[in-house]
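# Structural description and commentary
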Amino acid sequence: MRDYDLVVVGEGLAPCLVSLAILADRPDARLAQVSTDSETAGDQLELVLPERLTRSMAELLAPAVTLEWPLCLMRAREQTIVVEERVWLIDPIQIWLEMSDRLDADALHAGCDDLAIENGRVTWRGGAIVAEEIVDLRHLGGPRRQSEIVEAGVFAELPYPVLADFDGGAGHWLYLQYVPLGSGRALINRVGEARPGDAGAFPPALMPVDELPTVAAITRLGAICAARRLADAPLPA
């Protein structure tokens, strides 16, 4: 068991981005990362709205952008709303490569089941770390999600990604996302288990983009970094 200055705990892109921000500000920090995902940075392609990020967070994500669109769509009650904001598709493998370049392999821990935090100690099945400070980002994990890449079909022909389709969940999912990947392929994300009363809860004119779980987690990282004196001004419009 090794001692560290900081350990960042969470899942998906969030712990990697916070770790990279900390290392940019404190390059000599003894930092470790503990992830509940099977892979560091997770295995999900992520849609991000860069105008909602701080400049620092956008700069961290920019090298991992694989596709970009000038706008995206949302759908509910058989109506389509255009969200006139740029959209990035982030590849977690690029973030993993950056983390691997910054940290030794023994400081990156993935697939950490039965994770617990107590008295400056992070433990999981088969491992433990002691740190002076623990940054716990597990609350940013978001809802359950299923993803698949499909060949051809109407989704692959979309000109822009659909950030949220509240009509497509068939009562099982809160909303669906459709992301055209090119070459006749599309990514479909099924997000959040639907609960009674969820159907039709979001009129198109009032769709809360900031409250979408797939948007909120990355957007909130700016506030977390600001609390650590790492974030700067938002991106200009």
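This text follows the structure it describes.
The following paragraphs examine the structure supplied in this document. This is a predicted model, so every value here is computed, not measured.

Analysis parameters
- Residue numbers run consecutively from 1 along every chain, following the written order of its sequence.
- Selection of residues for local features in this predicted model requires a pLDDT of at least 70, selection of side-chain atom pairs for listing and counting requires 80 or more, and totals for whole chains, interfaces and linings are taken over all residues.
- Side-chain calculation: all heavy atoms of the structure are included, whereas hydrogens and water are not.
- Any two strands between which DSSP finds at least two bridges are classified as paired.
- Numbering of helices and strands runs from the N terminus, with a helix taken as a DSSP run of H or I at least four residues long and a strand as a DSSP run of E at least two residues long.
- Only C-alpha atoms enter the line fits that serve as axes; for helices the fit covers just the stretch in contact. Angles between N-to-C directions range over 0 to 180 degrees.
- Contacts described as polar in this section are N or O atom pairs within 3.5 Å, which, within protein, must combine one atom able to donate a hydrogen with one able to accept it, while residues neighboring in sequence count only if both atoms come from side chains.
- Should a side-chain nitrogen of Lys or Arg be within 4 Å of a carboxyl oxygen of Asp or Glu, the pair is scored as a salt bridge.
- Exposed residues in this analysis have more than 50% of their type's maximum accessible area, buried residues have under 20%, and partly exposed residues fall in between, with area computed by a 1.4 Å probe over protein chains only.
- Note on definitions: the grid is 1 Å and covers protein atoms alone; a cavity is a set of points where a 1.4 Å probe fits but cannot get out; a pocket is an open set with protein on both sides within 12 Å along at least five of seven lines; lining residues have an atom within 4 Å of a point.
- Grid points are joined across faces, edges and corners, and a volume is the space filled by probe spheres set on the points.
- Each residue gets one label: Ala, Val, Leu, Ile, Met, Phe, Trp, Tyr, Cys and Pro are nonpolar, Asp, Glu, Lys and Arg are charged, and the others, such as Gly, are polar.

## As for the sheet that holds strand β15 (residues 185–193)
- Overall, mixed pairing links the six strands, which are arranged β6-β5-β13-β14-β15-β12 in an open sheet. Of all the strands in the sheet, the pair left with one neighbour each is β6 (79–83) and β12 (145–151). Averaged over all neighbouring strand pairs, the angle between strand axes comes to 20°, with direction disregarded.
- Bridge count between strand β14 (residues 173–182) and β15: eight bridges; the pairing is antiparallel. Across the sheet, the residue bridging to Y175 is V191, located in β15.

## Focus on the side chain of Q177
- With respect to the element layout, Q177 can be found in strand β14.
- Side-chain polar atoms of Q177 contact the backbone oxygen of L163, separated by 3.1 Å.

## Quick notes on the pattern of salt bridges
- The final tally for this structure, using the stated rule, is 11 salt bridges.
- Here E51 makes a salt bridge to R86, at a shortest N to O gap of 2.8 Å. With E51 in the loop between β3 (46–48) and α2 (55–61) and R86 in the loop between β6 and β7 (87–90), the pair connects residues that are 35 residues apart, well separated along the chain.
- On the accessibility criterion, E51 (29% relative accessible area) is partly exposed.
- Through salt bridges with shared partners, a single network forms among D5, R30 and E132.

## Here's the deal with the layout of surface pockets
- Size it by volume and the largest pocket reaches roughly 410 Å³.
- Surrounding the largest pocket, 21 residues form its lining, E11, G12, E46, G141 and R145 being those nearest its centre.
- Here the lining of the largest pocket gets four residues from one element, more than from any other, and that element is helix α5 (residues 213–227).
- Residues that form the lining of the largest pocket fall into these classes: nine nonpolar, six polar and six charged.

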